[in-house]
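Single-letter residue listing:
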Amino acid sequence: MISYIIRRIVYAVPTLIGVNVLIFALFFVVNSPDDMAITILGEKNVTQQAIDNWKKENGYDQPLFFNIDESGFSKLTATIFFQKTIRLFLFDFGKSDRDNTEIGDQVRMRMFPSLAIAVPTFLLGVLINISISLIVAFYRATYLDYWGLILCVVSMSISTLFYIIGGQYLFSICLRLVPISGYDTGIHMIKFIVLPVVIGVISGIGTGVRFYRTVFLEVIGNDYIRTARAKGLSELKVLFKHVLKNAMIPILTGLVMTIPFLFYGSLLMEAFFAIPGLGSYTLDAINSQDFAIVRAMVYLGAVLNIIGLLLTDISYTLVDPRVRLG
Amino acid sequence: MFIIIQNIVVLCIVSFLLLFLKWAAGKPYWRSAWSVLRKNRLAMFSLFIISLYCALGILDSISWRDPMKTAHDETIKDSAGKTVLQPYPLSVLDRLFTPIRTAQEKTYSAPLAKTLLAKENVLQADGTTLRMYPELKSQVTHLLGTDKVGNDVLFKALKGIRTALIIGVLTSAIAIPFALFFGITAGYFGGLIDDAVQYVYTTLMSIPSILLMVAFLLLFGRGLTQLCVIMGITSWTGLCRLIRAESIKIRELEYVAAAEAMGVNRFVISLRHILPNVMHIVIISAVLRFSGLVLSEAILSYIGIGVGPETGSWGNMINNARLELARAPVVWWNLGAAFIFMLGLVLPANIFGDALRDALDPRLKE
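Residues numbered from 1 in each chain as written. Chains lettered and ligands numbered in written order. Predicted model: local features only at pLDDT ≥ 70, side-chain atom pairs only at ≥ 80, totals over all residues.

**Q** When you look at the overall build of chain A in this model, what are you seeing that I'm missing?
**A** Summing up its helical and strand segments, chain A has 16 helices and 0 strands in all. By the burial criterion, 34% of the 326 residues in chain A qualify as buried. Taking as baseline every contact in chain A between residues at least 6 positions apart, the subset at least 24 positions apart corresponds to 66%. (Helix = DSSP H or I, 4+ residues; strand = E, 2+ residues; numbered from the N terminus. Buried ≥ 20, exposed ≤ 12 C-beta atoms within 10 Å, placed from the backbone. Contact = placed C-beta atoms within 7 Å.)

Right under this line is the structure:
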């Protein structure tokens, strides 16, 4: 088991290197530091002097791979590839291009608001989706199932934006139950996070219920379920003891894949509700065209995603003894 | 020049779809799937609505520039004797809706209303001013009212159709060739190629797609083309994985073994035997993905990284109307029109996609 986990972690390293090379190619080769400077300084009336100054200030004035002017070891270290990409690989995010704040500090600070939205949305969502789909699966091939499925398709087809705008209008403007947007620390936080969480859960119900229903019906079609019924087990007992247990693998896949989004929250929710999390940090960086932050966020997102995939694979071995540690 | 390219792209996609339909009509497998599908009334109704949207989208895609006219309806020629053209092309849809398009009001007016939404001081014929709701300038009825700058909302919503369809279709058109090529070569040839392809898509997939889009659009600017390209890049990987898995399955079947035993070239086998047998996966996933792409356009436009503000799209409509529910009196028709038009496309697409999947691949039936 331990050796399996270690092997999987080692396998993740080439992927991380690949991600880094991709980020390097996107941000420094396809779009050169000169282009970056022009974007930030403005297209018009920009002098080469101003571009060079900006590059020097932000540490983009070195060659990409190989620095001939330096001597010895720093021929390799005094390059953009080493200074920016290898440091990023080691989680040294560096400073923002715009205001020189440490990106690492910001990430640590903004992680909590993101989690405060994402964790409740995630847990409540899973609980509600699974409960509803168990009910639908229990009444399968009846009108409840039929209309439930149609409702799911309809709710999937409605834009998330509608749920957000409609929810804000109904709960904040008409009923005045909660503030429209914003964030606060401590106990006051709750009134700000209720609405994003509720809307996040509701907008995910359609997709979730449909997915879990398919999973449950697939398990219900198995012979051992028929056997369990033939032995006289009640339908409820079959559902909870046999179906739910055997549906664990697909459920886990669905669950762990959402882990990266736990940290990123939903970019959308944070933007709409003015939550100062990682998602809105990324969005602010786009609007102010801060390349360093976007670079760091892309890498962080990939790392979290890879960790999520790793956890999925490990959790498979825990819930299903048949999964071989190949 | 750009206008010509735009027209050609749409023409290419349409003719490619027609060619595919012609090819599929000759195959018993696709014919039987169609006969199953035809009995599904809901799916047929959905297909009808989708076709309606497509027709409007195509009408909006064929465009040309008119010559500039003087007040006396004469064409203007430049010094070289060439006719001077209008700066912006007009599509067939623009021309069909000329009365509505040119009926510019001052500001908001409610659906079907005869007056503006807000009171103004109006100079009467007898010289007195009266505080009242001013009448609309144009005689046409605005079925869905007008927006903040007085444009017709119905026309704006209609203009969004083309953007949505292009995003839904062009993205797939970019992603499918890559996915097919790499998926089939990886699955059928295996070995080192397989390892390389797997490495590339694992790496691409490990970056959350929204972040990759953000980075890409930051570097290359907003726009319909950029959006389609980056969505294509982020979405070919999933399809490639499916095709690779299916190709591995087909590789082991008897007809492939027979072709190999008879000494058929391996490239010919992958084209003649593997490609037609993974097509149903391509079609199913393209149709099922379509609605998701349309929905994400709105979201991306909302967070400011979608199509440019000058392109008419439902996302931009929603984005511009984001504060309208909070004002008094409430302006709901902008948001309402965008959401209803979006639902009108996405819901039939979802229903039709499900029906198509059941017809093409009964194993996947829910």
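On we go.
**Q** How should I be thinking about the overall build of chain B in this particular structure?
**A** Assigned secondary structure in chain B consists of 13 helices and 4 strands. Referenced to the eigenvectors of the C-alpha coordinate spread, the extents of chain B come out at roughly 100 × 55 × 45 Å. Restricting the contact set of chain B to residue pairs at least 6 apart, pairs at least 24 apart contribute 67%.

**Q** Before we go on, may I ask you to explain unusual backbone geometry in this structure?
**A** Negative phi values dominate among residues other than glycine, just as trans dominates among peptide bonds. Residues and elements named next belong to chain A. Phi is positive for A141, which is not a glycine, with a value near 60 degrees. Relative to the assigned elements, A141 resides in the loop between α6 (103–138) and α7 (143–157). Its identity as a non-glycine residue notwithstanding, R176 has a phi of 55 degrees, on the positive side. When you line up the elements, R176 lands in the loop between α8 (160–174) and α9 (189–220).

**Q** For this particular structure, what's the right way to read the interface of chain A and chain B?
**A** On the chain B side, the residues contacting the 39 residues of chain A number 33 residues. Within the residue set of the side of chain A that touches chain B, elements represented by two or more residues are α1 (2–30), α7, α8, α9, α13 (259–264), α14 (267–273), α15 (278–287) and α16 (291–319) of chain A. The residue inventory of the side of chain A that touches chain B, partitioned by class, reads 27 nonpolar, 12 polar and no charged. (Nonpolar A, V, L, I, M, F, W, Y, C, P; charged D, E, K, R; others polar.)

**Q** What should I look at first to understand α8 of chain A in this one?
**A** Think of an α-helix as turning once every 3.6 residues; residues three or four places apart then point the same way. Over its 15 residues, α8 of chain A extends 20 Å from the first C-alpha to the last, a length consistent with the 21 Å expected when each residue adds 1.5 Å. Looking only at α8 of chain A, the buried set comprises T160, L161, I164, I165, G167 and Q168 of chain A. Considering only its buried residues, α8 of chain A is in contact with α9 and α14 of chain A together with α11 (266–302), α12 (314–320) and α13 (333–360) of chain B. Following α8 of chain A by one or two positions, R176 of chain A adopts a phi angle in the positive range, close to 55 degrees. (Expected span 1.5 Å × (residues − 1).)

**Q** Just checking my understanding: could you explain the pairing of strand β4 (residues 129–132) of chain B for this structure?
**A** The pairing of strand β3 (residues 120–123) of chain B with β4 of chain B spans 4 bridges and is classified as antiparallel. In the sheet register, E120 of chain B faces β4 of chain B, and the bridge partner there is M132 of chain B. (Pairing = 2+ DSSP bridges.)

**Q** I keep staring at the nonpolar core and nothing clicks. Help me out?
**A** The nonpolar side chains of a soluble globular protein tend to be buried, and buried together. Ranked by size, the top nonpolar core spans 143 residues in total, and within it V298 of chain A together with A338 of chain B carry the most contacts. Broken down by element, the residue count for this core peaks at 19 residues, all from helix α6 (residues 153–189) of chain B. Non-local contacts of V298 of chain A, meaning those with residues more than four positions away in its chain, are made with I23 of chain A together with I207, L211, L212 and A215 of chain B. Grouped together as the second largest cluster of nonpolar side chains are 12 residues, V209, Y212, V215 and F216 of chain A included. (Core = buried A, V, L, I, M, F, W, Y, C linked by C-beta atoms within 7 Å.)

**Q** Just checking my understanding: could you explain the environment of G167 of chain A for this structure?
**A** Residue and element names in this part refer to chain A. If you trace the backbone, G167 turns up in helix α8. Taking the C-beta count within 10 Å as the criterion, G167 has 20 such neighbours and is therefore assigned buried. With residues near it in sequence (within four places) discarded, G167 still touches L195 and I199.

**Q** Help me out: how do you make sense of the confidence of the model for chain B in this one?
**A** Low pLDDT marks regions whose predicted coordinates should not be analysed in detail. Of all residues in chain B, 98% have pLDDT values of 70 or greater, and the mean over the chain is 85. Scoring the predicted complex yields pTM 0.87 and, for the interface, ipTM 0.84. (pLDDT = per-residue confidence, 0-100.)

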